[in-house]
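Here is how the chains run, residue by residue.
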Protein chains: 4
Amino acid sequence: MSLEVVALDPTPEQYRYVFGGAPEPLLRVRPGTVVELTTEDCFGGRVTSTGDLPSRVCDFSQLNPVTGPIHVEGAEPGDTVAVHFVEIAPARDWAVSTTFPHFGALTATHSTAMLHDPLEEVVWVYEVDRERGTCLFRPRRGGPEVELPLDPMHGTVGVAPAGGEVFATITPGAHGGNMDTPELRAGATAYFGVNVPGAQLSIGDGHCRQGEGEVCGTAVEAAMRTVVVVDLIKGAGTPWPRLETDDFLMSTGSTRPLEDAYRISQHDLVTWAAELTGWDTLDAYQLVSQAGLAPTGNVVDTNYTMVAKLAKAYLGGAGGSVADGVHDRLRRTGADYLAQR
Amino acid sequence: MSLEVVALDPTPEQYRYVFGGAPEPLLRVRPGTVVELTTEDCFGGRVTSTGDLPSRVCDFSQLNPVTGPIHVEGAEPGDTVAVHFVEIAPARDWAVSTTFPHFGALTATHSTAMLHDPLEEVVWVYEVDRERGTCLFRPRRGGPEVELPLDPMHGTVGVAPAGGEVFATITPGAHGGNMDTPELRAGATAYFGVNVPGAQLSIGDGHCRQGEGEVCGTAVEAAMRTVVVVDLIKGAGTPWPRLETDDFLMSTGSTRPLEDAYRISQHDLVTWAAELTGWDTLDAYQLVSQAGLAPTGNVVDTNYTMVAKLAKAYLGGAGGSVADGVHDRLRRTGADYLAQR
Amino acid sequence: MSLEVVALDPTPEQYRYVFGGAPEPLLRVRPGTVVELTTEDCFGGRVTSTGDLPSRVCDFSQLNPVTGPIHVEGAEPGDTVAVHFVEIAPARDWAVSTTFPHFGALTATHSTAMLHDPLEEVVWVYEVDRERGTCLFRPRRGGPEVELPLDPMHGTVGVAPAGGEVFATITPGAHGGNMDTPELRAGATAYFGVNVPGAQLSIGDGHCRQGEGEVCGTAVEAAMRTVVVVDLIKGAGTPWPRLETDDFLMSTGSTRPLEDAYRISQHDLVTWAAELTGWDTLDAYQLVSQAGLAPTGNVVDTNYTMVAKLAKAYLGGAGGSVADGVHDRLRRTGADYLAQR
Amino acid sequence: MSLEVVALDPTPEQYRYVFGGAPEPLLRVRPGTVVELTTEDCFGGRVTSTGDLPSRVCDFSQLNPVTGPIHVEGAEPGDTVAVHFVEIAPARDWAVSTTFPHFGALTATHSTAMLHDPLEEVVWVYEVDRERGTCLFRPRRGGPEVELPLDPMHGTVGVAPAGGEVFATITPGAHGGNMDTPELRAGATAYFGVNVPGAQLSIGDGHCRQGEGEVCGTAVEAAMRTVVVVDLIKGAGTPWPRLETDDFLMSTGSTRPLEDAYRISQHDLVTWAAELTGWDTLDAYQLVSQAGLAPTGNVVDTNYTMVAKLAKAYLGGAGGSVADGVHDRLRRTGADYLAQR
């Protein structure tokens, strides 16, 4: 089988900062296409040393750039776009993280408004060793350095929202967006319900790694070289973004307060499990109650994100049949691509 | 070294339903004592078949019984009690789970008050196979049965609250209580700040296993035969319950909304990590942001519980020094006990 | 002084369902212009009897129509638009309210996701007696009828959002939108920070009256004939929508959870009061703590809205100087208009 | 009719700091008794000048003292205690308010845990002019002074909790407690469901006045001379504290997040209105949606409090029949008492 492989390497002017709004697509692909793309970090690459405070060097209207939109041919409202992540590789030998004024979970913010001055703005620069698969944490004020394993992921992936809405790329929601879950790593297939013709897929906000919740507000932020396979599932909707790996199904929910994000994600996983197995809804509720995981996505963005996660092994054999096995098929496409490269 | 081993097997009348209130202790132990204890399930053992609806067979003032309190000799306010779980073994070859009127995360409750009728009350009975280490999920209305691995834990562990307060055993808080986190399994050491002389430790609510969040409101509920080692750390407080395993440090937070439970747990983990390593607080904030995990405890009880979790490997060698190595010491005590039994 | 008075009476095709997105304005006005405008009810006028269930007769993409946008000449980002409500008059002798599937504060919703079926969908038709100033509540299933005073207001008023975002008209936020506060009645001046050239003001969602919180999700919904004076305050921003009446200053906050909406509104009122009086921030915090009111806006929309309200009498004489007395000036313009009509 | 009037003037040692726990009552009264009582301020009277920072002069285990418990003879679980406030009079010619480290709505707290240092601790002393009915706000750092009308109230009123629980007096809940609503002023009758024999009523935390939400965490705190009439309604429960005045019915809800406190209060008001009028629940939901008020109680305590408020005039004549007219009866008793004094 011959693979269709295309490259997407935006110029700085081509980055976008919203989902939706019907711009001219950067790329049009047929379902099944492999896309080799590059993404810039959430600071637009402007924070390069500990002296580059984001509040000084960044233009606030140009935070969290995404690469896209990619128009998926044939995608119509009511369909689902599947995006399989074949590879997510840091593009540079450094990455950065920072505190950011009035942003993060342990600080007053514009929503959790308080009379405190902002926490101090601090930049950390990580050395990225792609061969050894590590990034090096250097505390700014002494104490041990720590080598952390690379675990690259994308914080932001999504499609154009429904209803003509346009959301900043920092906002996660039913369209995807800035979910900031470490589960979105290579090997995962993400599913998004299509709201507009062509779906208008965009990807950005690469992280060398991220803790669950992204508590300080930023991860180990890095430009990425990423390879995805984009596919289309006709006639099947997806109410909230879902993820699939070889071993797990995952539903996401993004809203506030955090318990409502939890509710959305668990509700979706329960109804999804019931649909796949034929269980009654209350039986699926019971099984998920005993076998489900609930790792935190983010507790810092304009909406918070929770993930509901269930091992396919606990679906009584129904785990292999998700969307007619699209994950397995895309995984093979990815393997073929890597073998040929 | 000679082990001090005592047994605690309460009669039905001895179970308690609150933390605090200064009752006569069921047991007094010296620090370092191994306690073999039994706990009843959260229904007081009254739900034994699918026909036993909890709203009919249970006395609402006698839900979630705990075994205790255990008076730890020498424990004073400002100290910390350490409880190492050597073994948590289901006492019977069955366990139960149920929906419960107006209780759970995907239903109207007394706090999230709505005009809906309650969801249907349903009981699931699990076959527990202790040899194979499994419990069998049988859907009530068809579809595949699923064998789930046993992963026994206690939902409820804690001490008397501060300030003379008395909390129902269903409530988690700074005193511990009904945190309902699957992380409280054999191999873990739990730390609780002492609020009253003797600490007044109680344990209950055994689960054969539980999903993160306990979404339907109940786990695979079981009576347990549990072995703990109880120890005392003089002169060191613990603001919120903490857990330690061979590989991880964990902080908990229990309140509402869920983001505040997340904030408490992350705040405690950040300050704990800073203290152990000598990092500045913002450096610890950064490290936890990239390396921390945030599994959900419960999103159904009167307070919600989040866990903040960090691999000791990421503490630059400081992970071994927690509370002068009490976890390792208690682990050895537990191993000695198991070897001698 | 000659008044500039213009009329804006949209055709059904001209209604819009989002804020933002840079459409061609329906109207361009100079600051100081009186605008006589009509608005349709939140159902687009399609619910006219108890048999017209909204889920059947409404097109979900055409809920909550707004009249506009109105381009305010000279308005630039960093300015503030002032909209004084001279008159809000029900256009018909009937109005409607309904429950709506999965919408409202005492029902499971798409965000507070649960396994309940929706509450029953019911329509109430109110007789509106404009002469007597009443609307008549007729219970659907017996019990006393109640005559309620008319207290007309607009649920939805706002400008184009910042950052190129586009929000459904059902969403309240820093741009205004669907705040659903009964305080937005005739006699009030609303202030909105300008985010795009011309501000792009839109108005809709008239209510004959509304309880605080709009607990069932809809008010006494009515088409309106409304008269506003639109003005511009150059060089002065407004972080969140504010209201002014003869006697009160009000700040709003719209987000989730509700305590964060409260925080935003109180934070804005505290800083606003400090600025007007010269008090230190903590002194303003103290005064607002003792003299402020906090009526609920809505607890049903995609964001919840709280209002922070302070009598001008408690500002030590500084209450008259808000934005150089624009409220008093617009009030006189409104009075002149009514006298001449 | 002869009035039974008793006085209750506790010594400093007699103040209590919790609800519940079955202490010996300070007083036993028959239903219908007038009680003249004194309460100390929330600081135990220890903050008397701007130099008395509460964190220095107060003992944290002795904050928010209450006067009581009062044993109401004949009160049994399932009954309701009615407490009519005849008079609430400041006992001194001064009162105080303060910020307090990590307490308040616009500051990091122990629950909304953050890495900020506490806001500055500041004390304001108010001159209380009982003749003119005012208290004087003096900003600490310049700007206009403001004379505020006295509007005395009690922040804390309640009974022993159910289930053997004991709550700090700072906690509001289904038992009442620290609801901190300005609606609890003279002229109001408060209803509490009885959980233990004698009900065990306690009262404290007088405020010369308080803004809605009590945003900085403290009101104009004052010792009070208060007169109440205590009565008993046999065989009628009250799920959450309710208030009645000549013109309004009010339900309260106290929990977190704030929307759940709103839900509880509105749910209770809807079901109460349905019960009084014979309306179907959805009809009552509709009426409350259009005619209900929702003033904020507190957004600073361990639980947040919302009030749901409905004019009796909108109950179609059913407003007079609440609990067989107990409010009117107690109001007359209060008037008789004042006439005779």
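Residues numbered from 1 in each chain as written. Chains lettered and ligands numbered in written order. Predicted model: local features only at pLDDT ≥ 70, side-chain atom pairs only at ≥ 80, totals over all residues. Heavy atoms only, no water.

- Chain A appears in an unreviewed UniProt entry as Acetamidase/formamidase from Blastococcus xanthinilyticus.

1. Let's talk about the relation of the copies chain D and chain A
The operation relating the pair of chain copies consists of a rotation about an axis and a translation along that axis.
Stage number 1. Superposition record for chain D on chain A: RMSD 0.0 Å, screw rotation 180°, translation along axis 0.0 Å. Taken together, the rotation and translation describe the operation of a two-fold axis. (Least-squares fit on C-alpha atoms with pLDDT ≥ 70 in both.)

2. Here's the deal with the sheet that holds strand S7 (residues 94–98) of chain B
Stage number 1. The four strands are arranged S7-S8-S9-S10 (chain B) in an open sheet whose pairing can be described as antiparallel. In this open sheet, the two edge strands, each paired with only one partner strand, are S7 and strand S10 (146–149) of chain B. Strand-to-strand twist of the sheet, defined as the mean angle between neighbouring strand axes without regard to direction, takes the value 30°.
Stage number 2. Where strand S8 (residues 123–129) of chain B meets strand S9 (residues 134–137) of chain B, three bridges bridge the pair, whose relative direction is antiparallel. Bridge pairing in S9(B) links Glu127(B) to Leu136(B).
Stage number 3. Along the sheet face, helix H3 (residues 281–291) of chain A touches S7, S8, S9 and S10 of chain B and points at about 45° away from the line of S8(B). (Pairing = 2+ DSSP bridges. Helix = DSSP H or I, 4+ residues; strand = E, 2+ residues; numbered from the N terminus. Axes fitted to C-alpha atoms, helices over the stretch in contact; angles between N-to-C directions. Contact = heavy atoms within 4.5 Å.)

3. Concerning the sheet that holds strand S14 (residues 176–177) of chain C
Residue and element names in this part refer to chain C.
Stage number 1. Strand order in the open sheet formed by six strands is S3-S5-S16-S11-S14-S13, and the pairing between neighbours is mixed. Among the strands making up the open sheet, the edge pair consists of strand S3 (27–29) and strand S13 (172–173).
Stage number 2. By the bridge criterion, two bridges tie S13 to S14 in an arrangement that is antiparallel. Among the inter-strand pairings, Pro-172 is bridged to a residue of S14, identified as Gly-177.

4. Overview of the interface of chain D and chain A
Reports of interface size often rely on the accessible area that becomes lost once the parts have come together.
Stage number 1. Each partner contributes to the interface: chain D provides 14 residues, whereas chain A provides 14 residues.
Stage number 2. On the chain D side of the interface with chain A, the three residues burying the most area are Leu106(D), Met114(D) and His116(D), jointly 48% of the side's total.
Stage number 3. Here chain D is connected to chain A by zero salt bridges.
Stage number 4. Counting across the interface, chain D meets chain A through eight residue pairs in polar contact (both at pLDDT 80 or more).
Stage number 5. Of the residues that constitute the side of chain D that touches chain A, the class distribution is nine nonpolar, three polar and two charged. (Buried area = accessible area lost by both parts, 1.4 Å probe. Salt bridge = Lys/Arg side-chain N within 4 Å of Asp/Glu carboxyl O. Polar contact = N/O pair within 3.5 Å; in protein donor to acceptor, adjacent residues only side chain to side chain. Nonpolar A, V, L, I, M, F, W, Y, C, P; charged D, E, K, R; others polar.)

5. Thoughts on unusual backbone geometry
Stage number 1. For the bond running from Arg256(B) to Pro257(B), omega is -5°, close enough to zero to count as cis.
Stage number 2. Mapping Pro257(B) onto the fold places it in the loop between strand S19 (248–255) and helix H2 (258–277).
Stage number 3. If you check the backbone angles, Glu214(B) has positive phi at about 50° while not being a glycine.
Stage number 4. Considering the arrangement of structural elements, one finds Glu214(B) in the loop between strand S16 (201–207) and strand S17 (224–233).
Stage number 5. A positive phi is found at Ala323(D), a non-glycine position, where the angle reads about 50°.
Stage number 6. Mapped onto the elements, Ala323(D) comes out in the loop between strand S21 (304–311) and helix H4 (326–340).

6. Let's talk about the pattern of salt bridges
Stage number 1. Within the structure shown, the criterion is met by 72 salt bridges over all chains.
Stage number 2. Two residues, Arg138(B) and Glu145(B), come together in a salt bridge whose shortest N-O distance is 3.0 Å.
Stage number 3. On the basis of relative accessibility, which here comes to 44%, the residue Glu145(B) falls in the partly exposed class.
Stage number 4. Where Glu147(C) meets Arg132(C), a salt bridge forms, and the shortest distance between an N and an O atom there is 2.5 Å. Placement of the pair is Glu147(C) in strand S10 (residues 146–149) and Arg132(C) in the loop between strand S8 (123–129) and strand S9 (134–137), with a sequence separation of 15 residues.
Stage number 5. Here the salt bridges do not stand alone but share partners, grouping Asp151(A), Glu183(A), Arg185(A) and Lys309(A) into one network. (Buried < 20%, exposed > 50% of the residue type's maximum accessible area, 1.4 Å probe, protein only.)

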